[in-house]
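Letter by letter, the chains look like this.
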Amino acid sequence: MSAQQESTAVAIARAHVQAWSNHDFDTARSALAPDVRVTAVTTQPTPPATDLTGADDYMTGLTQFARGVVPGSAHIIASVGDERNALLMLTVEADLGAGKATLPRARLYLLDENNKIKAEQVIFYAAPD
C-alpha cells in the first residue's frame, strides 16, 4: 500500500500527539495496545535512552515528560504513513526543568490489528529558546 499524508495510522498518531500534548492522558492511553513498546533516543547527554513495554510503563514515562509540555504547543511539521505505519515530525514547547525549550522530534508508529499503537520510536533533541 502506498504512503498517504492522512492514512489511518497517521490520523491515529496525530490524535495521540494532540491528546498527550494537551495533557489528556486518558485519551492518550486509549490509543495504546496493552503490550505497546516505546523507545526514545537522543544524541544529547540527557535524558538516558528509553525502552519501555506495556501501557502502564508507557503512560508513566509519557506523563512525566508531557507534564512539562506547554498545552497547545504541538506543531506537526510533516506526516506520512499507511494503514499500519505512521511517521510524524513535530515540535513541542516544554520546560523540563532547565528552562523553556523547543523539542523537535520524529515519532514512528506501528498499529496492531485493532488500530492500537503497538510500537513507537522517538528521536529528538532539545533546542534552547
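Everything here concerns the structure above.
Residues numbered from 1 in each chain as written. Predicted model: local features only at pLDDT ≥ 70, side-chain atom pairs only at ≥ 80, totals over all residues. Heavy atoms only, no water.

**Student:** Any chance you could explain the overall build of the protein chain here in plain terms?
**Tutor:** If you tally the helices and strands in the protein chain, you get 3 helices and 7 strands. For the protein chain, the N- to C-terminal ordering of α and β elements is α-α-β-β-α-β-β-β-β-β. The principal-axis extent of the C-alpha atoms belonging to the protein chain is close to 40 × 30 × 25 Å. Within the protein chain, buried positions represent 43% of all 129 residues. Sequence-distant contacts, at least 24 apart, represent 55% of the contacts inside the protein chain between residues at least 6 apart. When the 10 basic and 15 acidic side-chain charges of the protein chain are each reduced to a single mean position, those positions are 1 Å apart. (Helix = DSSP H or I, 4+ residues; strand = E, 2+ residues; numbered from the N terminus. Buried < 20%, exposed > 50% of the residue type's maximum accessible area, 1.4 Å probe, protein only. Contact = heavy atoms within 4.5 Å. Lys, Arg positive; Asp, Glu negative; His and termini not counted. Charge placed at Lys NZ, Arg CZ, Asp CG, Glu CD.)

**Student:** Explain unusual backbone geometry here, please?
**Tutor:** Keep in mind that most residues, glycine aside, have a negative phi and that most peptide bonds are trans. Phi at His23 is positive, roughly 65°, even though this residue is not glycine. Within the fold, His23 resides in the loop between helix H1 (8-21) and helix H2 (25-30). Residue classification places His23 among the partly exposed residues on the basis of a relative accessible area of 29%. With a phi angle near 60°, Asn115 is a residue other than glycine that sits in the positive phi range. Mapped onto the fold, Asn115 is located in the loop between strand S5 (100-111) and strand S6 (117-124). The class of Asn115 is partly exposed, set by a relative accessible area of 35%.

**Student:** What am I meant to see in H1 here?
**Tutor:** Each α-helix winds once per 3.6 residues, and so residues spaced three or four apart point in a common direction. Helix length check: H1 (14 residues) gives 20 Å between terminal C-alpha atoms against 20 Å at 1.5 Å per residue, within 8%. Phi turns positive, to about 65°, at His23, one or two residues after H1. (Expected span 1.5 Å × (residues − 1).)

**Student:** Explanation requested: the pairing of S5 in the structure shown.
**Tutor:** Side chains on a regular strand alternate between the two faces of the sheet. The pairing of strand S4 (residues 85-95) with S5 spans 11 bridges and is classified as antiparallel. When the bridges of S5 are listed, Ala94 appears paired with Ala101. Two successive antiparallel strands, S4 and S5, enclose a turn made up of 4 residues, where Gly97 displays a positive phi of approximately 110°. Pairing of S5 with S6 involves 7 bridges; the strand directions are antiparallel. Looking at S6, one finds that Arg105 is bridged to Phe124. Here S5 hands over to S6 after 5 residues, with Asn115 in that stretch at a positive phi of 60°. (Pairing = 2+ DSSP bridges.)

**Student:** Quick question: what am I supposed to make of the nonpolar core here?
**Tutor:** For soluble globular proteins, the rule of thumb is that nonpolar side chains tend to be buried together. Formed by 35 residues in total, the largest nonpolar core has its most connected members in Trp20, Val92 and Ile117. Taken together, the elements giving at least two residues each to this core come down to H1, H2, strand S1 (32-41), helix H3 (55-66), S4, S5 and S6. Considering every element that reaches this core, the biggest residue donor is H1, with 7 residues. Filtering out sequence-adjacent residues up to four positions away, Trp20 remains in contact with Phe25, Ala28, Leu62, Phe65, Ala66, Val69, Val92 and Arg107. (Core = buried A, V, L, I, M, F, W, Y, C linked by side-chain atoms within 4.5 Å.)

**Student:** So what exactly am I meant to see when it comes to the pairing of S6 here?
**Tutor:** In the sheet, S1 pairs with S6 via 6 bridges, with the strands oriented parallel. Bridge pairing in S6 places Ala40 opposite Val122.

**Student:** What should I look at first to understand the side chain of Asp112 in this one?
**Tutor:** Looking at where Asp112 falls in the secondary structure, it is placed in the loop between S5 and S6. Although Asp112 is buried, it makes no salt bridge; Lys118 carries the closest opposite charge, 6.2 Å away. Among the polar contacts listed, one links the side chain of Asp112 to the backbone nitrogen of Asn114, at a separation of 2.8 Å. Sequence-distant contacts of Asp112, defined by excluding residues within four places in its chain, comprise Ala33, Arg84 and Lys118. (Salt bridge = Lys/Arg side-chain N within 4 Å of Asp/Glu carboxyl O. Polar contact = N/O pair within 3.5 Å; in protein donor to acceptor, adjacent residues only side chain to side chain.)

Remember that the coordinates give geometry; whether it matters functionally is a separate question.
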